[in-house]
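# Commentary on secondary and tertiary structure
Listed below, chain by chain, are the residues.
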Amino acid sequence: HHLSRDCHSAYEMVRSMGNPISKRLARFLISCCANGYVTEGIVRAKLVLTHETIAQHIGCSRESVSRTFSDFKRKRVAELVGSTLLVHDRAALESLSVS
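Residues numbered from 1 in each chain as written. Predicted model: local features only at pLDDT ≥ 70, side-chain atom pairs only at ≥ 80, totals over all residues. Heavy atoms only, no water.

### Points about the overall build of the protein chain
Scanning the protein chain from N- to C-terminus turns up 5 helices and 4 strands. Each helix and strand of the protein chain, placed in order from N terminus to C terminus, yields the pattern α-α-β-β-α-α-β-β-α. The C-alpha atoms of the protein chain give 14 Å as radius of gyration, which agrees with the globular expectation for 99 residues (13 Å, within 12%). The dimensions of the protein chain, computed from C-alpha atoms along their principal axes, are 40 × 25 × 25 Å. Residues counted as buried form 36% of the 99 residues belonging to the protein chain. Sequence-distant contacts in the protein chain: of pairs separated by 6 or more residues, those separated by 24 or more amount to 58%. Taken as a whole, the protein chain presents about 6,200 Å² of accessible surface, with 55% of it coming from carbon and sulfur. Averaged over its 14 positive side-chain charges, the protein chain has a centre that lies 2 Å from the centre of its 9 negative ones. (Helix = DSSP H or I, 4+ residues; strand = E, 2+ residues; numbered from the N terminus. Rg over C-alpha atoms; globule rule 2.2 N^0.38 Å. Buried < 20%, exposed > 50% of the residue type's maximum accessible area, 1.4 Å probe, protein only. Contact = heavy atoms within 4.5 Å. Areas by Shrake-Rupley, 256 points an atom, 1.4 Å probe, with all protein chains shown as cover. Lys, Arg positive; Asp, Glu negative; His and termini not counted. Charge placed at Lys NZ, Arg CZ, Asp CG, Glu CD.)

Spelled out as structure tokens, the structure:
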């Protein structure tokens, strides 16, 4: 069972490599929102990962993660403030994850 799960996870990672980084990061951030809470329409979740670690999870460079976070922040979709992920527009983030 564990081997099957690991194999499926690796397959998903390889398959997602063809997706744009914004899509991969958006999907990753949505999964992080599951442990968050909503106040005043903003999803807040603890994210104690560095940009480097996030990049390793989604299969890109740290610079690409930083650039994409800057783009998300400029568009008022999501931002990382310290170790807190703030999702200002969850609908837009979900839209980015499927486009």
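Now that the structure has been shown, we can carry on.
### A closer look at the sheet that holds strand 2 (residues 42–46)
Reading across the sheet, the 4 strands line up as 1-2-4-3 and stay open at both edges, with antiparallel pairing between neighbours. With one partner strand each, in any of the chains shown, strand 1 (37–39) and strand 3 (78–81) form the two edges of the open sheet. Along the sheet, successive strands turn relative to each other by an average axial angle of 25°, direction set aside. The pairing of strand 3 with strand 4 (residues 84–87) spans 4 bridges and is classified as antiparallel. For Ala78, the partnering residue across the bridge sits in strand 4 and is Val87. Running at roughly 105° to strand 4, helix 2 (residues 21–33) makes contact with strand 2, strand 3 and strand 4 of the sheet. Along the sheet, helix 4 (residues 62–74) makes contact with strand 3 and strand 4, crossing strand 3 at roughly 115°. (Pairing = 2+ DSSP bridges. Axes fitted to C-alpha atoms, helices over the stretch in contact; angles between N-to-C directions.)

### Some points on the environment of Ala55
When you line up the elements, Ala55 lands in helix 3 (residues 51–58). Put simply, Ala55 and Ser31 are 24 residues apart on the chain and 15 Å apart in space, counted from C-alpha to C-alpha. Other than its neighbours up to four places away in sequence, Ala55 contacts Cys60, Ser61, Arg62 and Val65.

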